Amino acid sequence: MRQSIAFVYTLRDVPADAEVVSHRLLARAGYIQKLAAGVYSYTPSMARVLQKVSNIVREEMNRQGAQECVMPIIQPKEIWEESGRWERYQKGGQLFTLVDHKGSEMCLVPTAEEAFTTMVKRAVTSYRQLPLNLYQLHTKFRDEIRPRFGLMRGREFIMKDAYSFDIDDEGMRAAYAKMRIAYQRIFERCGLKYTIVQADAGAIGGSATEEFMVNADTGEDTILVSEDGSYAANVEKAESLIPAGEAGGEAKPMHLEHTPGDKSVDQLSKRFNLAPSRMIKTILFRAVFAESEETVAVLMRGDLDVNEVKVANAVGAIAVDLADDARVRAATGAEPGFAGPVDMKAGVKVLADISCKPMTNFLCGANKSDYHLLDVNFGRDLPVPDYKELRRARAGDMCIDAKRGKLIETRGIEVGHIFQLGTKYSSAMGARFADEEGKERPFVMGCYGIGVSRVAAAAVEQNHDKDGIVWPAPIAPWQVHVVCVNSGDLLMKQAGDQCESALEGAGIEVLYDDRANVSPGVKFKDSDLIGLPIRVVAGRDVKDGIVEVRTRRTGEAAKVKIADVVAEVRKRLE
RNA sequence: CGGGGUGUAGCUCAGAUGGCUAGAGCGGAGCGUUUGGGACGCUCAGGCCGCAGGUUCAAGUCCUGUCACCCCGACCA
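Residues numbered from 1 in each chain as written. Chains lettered and ligands numbered in written order. Predicted model: local features only at pLDDT ≥ 70, side-chain atom pairs only at ≥ 80, totals over all residues. Heavy atoms only, no water.

**Q** What should I look at first to understand the state of the cysteines in this one?
**A** When the sulfur atoms of two cysteines share a covalent bond, that bond is a disulfide. Inspection of every chain in the model, using the stated rule, returns zero disulfides. Here C364 is not cross-linked by a disulfide; its sulfur's nearest cysteine counterpart is in C356, at 10 Å. The class of C364 is buried, set by a relative accessible area of 1%. (Disulfide = S-S within 2.5 Å. Buried < 20%, exposed > 50% of the residue type's maximum accessible area, 1.4 Å probe, protein only.)

**Q** Explain unusual backbone geometry here, please?
**A** The phi angle of most residues is negative, glycine excepted, and most peptide bonds adopt the trans form. L130 connects to P131 through a cis peptide bond whose omega is 0°. Relative to the elements of secondary structure, P131 occurs in the loop between helix 5 (113-123) and strand 7 (132-141). At F149, a position not held by glycine, the phi torsion is positive, near 60°. Overall, the relative accessible area of 18% leaves F149 in the buried class. In this model, D343 sits at a positive phi of 60°, which is unusual for a non-glycine residue. Within the secondary structure layout, D343 lies in the loop between helix 9 (325-332) and strand 17 (348-353). The class of D343 is exposed, set by a relative accessible area of 70%. (Helix = DSSP H or I, 4+ residues; strand = E, 2+ residues; numbered from the N terminus.)

**Q** Please explain the sheet that holds strand 30 (residues 546-551) as it appears in this structure.
**A** Sheet strands line up and pair through hydrogen bonds in the backbone, either parallel or antiparallel. Reading across from one edge, 28-27-29-30-31 is the order of the five strands in this open sheet, with mixed pairing throughout. Looking at strand neighbours, the two that pair on one side only are strand 28 (510-513) and strand 31 (557-561), the edges of this open sheet. Averaged over neighbouring strand pairs, the angle between their axes works out to 25° when direction is ignored. As paired strands, strand 29 (residues 534-538) and strand 30 are joined by four bridges and run antiparallel to one another. Within strand 30, the residue paired with I534 across the bridge is T551. Against the sheet, helix 12 (residues 490-505) makes contact with strand 27 (480-484), strand 28, strand 29 and strand 30, and its axis sits at roughly 170° relative to strand 28, the strand it touches most. (Pairing = 2+ DSSP bridges. Axes fitted to C-alpha atoms, helices over the stretch in contact; angles between N-to-C directions. Contact = heavy atoms within 4.5 Å.)

**Q** What am I meant to see in the nonpolar core here?
**A** A general feature of soluble globular proteins is that nonpolar side chains tend to end up buried together. Membership of the largest hydrophobic core comes to 60 residues, with the highest contact counts inside it found for L26, Y31, Y183, F187 and W471. Each of domain 1 (47-73 + 109-238 + 409-460) and domain 3 (478-573) accounts for three or more of the residues forming this core. If near-sequence neighbours (up to four positions away) are discounted, Y31 is found in contact with L26, S41, Y42, T43, S45, M46, V49, I469, W471, P477 and I530. In this structure, L95, L130, Y425 and A431 belong to the second largest nonpolar core, which totals 30 residues. (Core = buried A, V, L, I, M, F, W, Y, C linked by side-chain atoms within 4.5 Å. Domains from an automatic or database assignment.)

**Q** When you look at the protein's contact with RNA strand B in this model, what are you seeing that I'm missing?
**A** Contacts to RNA strand B come from 54 residues, most closely from R12, R142, I145, R146 and D528. The sugar and phosphate moieties of RNA strand B supply 46% of its atoms located within 4 Å of the protein. A distance of 2.4 Å separates a sugar or linking oxygen of RNA strand B from a polar side-chain atom of R12. Measuring from a base nitrogen of RNA strand B, one finds a side-chain N or O atom of D526 at 3.0 Å. For the surface near RNA strand B, the elements supplying multiple residues, two or more each, are strand 1 (32-36), strand 8 (156-166), strand 21 (407-422), helix 13 (520-530) and strand 29. Residues that form the surface near RNA strand B fall into these classes: 20 nonpolar, twelve polar and 22 charged. (Near = heavy atom within 4 Å. Polar contact = N/O pair within 3.5 Å; in protein donor to acceptor, adjacent residues only side chain to side chain. Nonpolar A, V, L, I, M, F, W, Y, C, P; charged D, E, K, R; others polar.)

**Q** Just checking my understanding: could you explain the pattern of salt bridges for this structure?
**A** Where charged atoms from two side chains of opposite charge come close, those side chains can pair. Taken as a whole, this structure holds 49 salt bridges when the rule is applied. We note a salt bridge from R286 to D321, for which the minimum N-O separation is 2.8 Å. You can see R286 sitting in strand 14 (residues 280-288) and its partner D321 sitting in strand 16 (residues 319-322), a full 35 residues away along the chain. When its relative accessible area of 29% is taken as the criterion, D321 is described as partly exposed. A salt bridge links K466 to D467; the shortest N-O distance between them is 3.1 Å. Accessibility expressed as a relative area gives 78% for K466, which makes it exposed. One network of salt bridges, in which partners are shared, links E59, E60, R63, R185 and R189. (Salt bridge = Lys/Arg side-chain N within 4 Å of Asp/Glu carboxyl O.)

**Q** Hey, could you run me through the domain arrangement of chain A in this one?
**A** It is common to give the size of an interface as the accessible area lost on bringing the parts into contact. Partitioning chain A into structural domains gives domain 1 (47-73 + 109-238 + 409-460), domain 2 (255-388) and domain 3 (478-573). Here domain 1 and domain 2 have C-alpha centroids that lie 37 Å from each other. With five residues of domain 1 at the contact, the number on the domain 2 side is four residues. Roughly 300 Å² of surface becomes buried between domain 1 and domain 2 when both sides are summed, with 35% attributable to carbon and sulfur atoms. For the domain 1 face of the interface with domain 2, the top three residues by lost area are D200, E236 and A238, together amounting to 87%. (Buried area = accessible area lost by both parts, 1.4 Å probe.)

**Q** Before we go on, may I ask you to explain the packing of helix 1 (residues 21-28) against helix 11 (residues 452-462) in this structure?
**A** Between helix 1 and helix 11, whose axes approach to 8 Å, the crossing angle comes to 100°. It follows that helix 1 is roughly perpendicular to helix 11 by the angle criterion. Mapping the contact onto sequence places V21, S22, L25 and L26 in helix 1 and A457, V460 and E461 in helix 11. The residue makeup of the contact of helix 1 with helix 11, split by class, is five nonpolar, one polar and one charged. (Parallel < 35°, antiparallel > 145°, perpendicular 65-115°, else oblique.)

**Q** Quick question: what am I supposed to make of the packing of aromatic side chains here?
**A** The geometry of an aromatic ring pair is captured by the separation of the ring centres together with the interplanar angle, meaning the angle of the planes. This model, assessed by the stated rule, comprises 14 aromatic pairs. Seen in terms of ring centroids, F7 and Y9 are 5.4 Å apart; in terms of plane orientation they differ by 45°. Their pairing is tilted. Residue Y9 is classed as buried on the basis of its relative accessible area of 18%. In this structure an aromatic cluster arises from ring pairing among Y183, F187, Y194 and F212. Above the face of the Y371 ring, K368 is positioned so that its terminal group lies 4.3 Å from the ring centre. (Phe/Tyr/Trp six-rings, centres within 6.5 Å; stacked < 30°, edge-to-face > 60°. Lys NZ or Arg CZ within 6 Å of the ring centre and 35° of its normal.)

Put into structure tokens, the structure is as follows:
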């Protein structure tokens, strides 16, 4: 492709709204343009990158026996009501909905469990037709509460989504294992360094689920990894071992203490010279359900933090968030900062983290402004609560298997997520088949997503330098950038043309900067920015039949005869 | 949705206390000089100052509303 006629351009200035490096570089190098918040146009060069990623995905999916489909992007409300997700997604504010001319409600799909389940249930009636794994590469829509970071969190994005249909759990696990292998191969082939982590299933549902995280400091997800690397989990899911708290001793009588203004564990620790692990903090949440809301009080040992995802799962809520002051007052009858589990108002669900279980003679809020209770004991002063694992694991905690060492915190970009769904959708939607005994059974499903456009952004996030993008060769829009230093110089022009045709003849994709009247400096800057793996420069040495071949990542360059360009480029692409 | 902020040329931005015939740099067009790291000179084009009201002799500037976008927080491939 010749740059003199290609729609390839670069920007000198960084668009004001570009914050993360992938967004800045993709915009400056002419790969993407923003059309609306979280909505991007892909230029020809970006389309090539997306094609590369898509093809890798396709090959590895097909290799595992999955079959490609194309599903509607606009879907009727009905199937979403069948699965029960219309309400949930709308409540989350993430569903793009529209109404057609006759008043029917539709949505732009955020994911396609319903459509695939419907398609399969209409056509598959017997176990003999199973297993199946169907997928598509298509645009998805989520009206993100806050789109940001360019392609990283768009409202419209390209996703590969796959759905497996099996006879039983064993089949589902086998399908899951295959997808896990496919994903490993895909991300390796894309040249990404990644970590597989245990994850929370969120709105998709299901049991075992893992995320594929591209390692990047700018990632939005926090990951905890054991020192030996064998345990890795999203912080939403992570578990850990913690030192026992300070012992409280034999039960003493409970008493009220005046604690004016002391709302924090720190302040109380100082006032009573009491270790935070001797206190229980009571954190109030608003739990959102499909048709209602509830106040939930979570009891947590004073030196530990609450994991909100675990709270939501424990109560079966769509989401939980910190209660606002009004809700706190309604639940406790006191100002925020003095909430406690003793005599909590009716209607407030009380949960306790398991770390609270051994505690005796602890300190907690009194549900009375400026007062706390000391020497409180479960069973005597308040009912024994429902104990759950609600604690947020932290860096420095011991891995649940202590032999693996302590947990280290890193960050990642979620590019893939695989789920063992079970029969959540098939049961809800009446998707059944006849088994060997002729009995009707729901499909046992799995679902598997890869953010294709996000993979491209993550690749840039992980592969760039001060001058621009450094594409991993397998997903670069072209393999080689041939740069003619001065297209007005006949010899240079001829050498450039020769390199272009020799490389293309060898099946190597070439972007050829043949622009006239563009200074060499500009061409080199643009070339660095665009970031193709190999650069071939037709410059001052062409009079001797020599061009320069340079590797973008290392900057290492060699002078080679024009006749040897193909061989040199091939060597470097390996 | 809550909190903060910004809308002026294709892009990045400047335009105190209202006086504008609206600017700069970059980018673009033309001519010429350049040609191994965003080169130089001359000339030129380019603006419903986000939108709608209002105040005023006078509004890019003040007021009201509205829309869009960005940042910080709760959601996800």
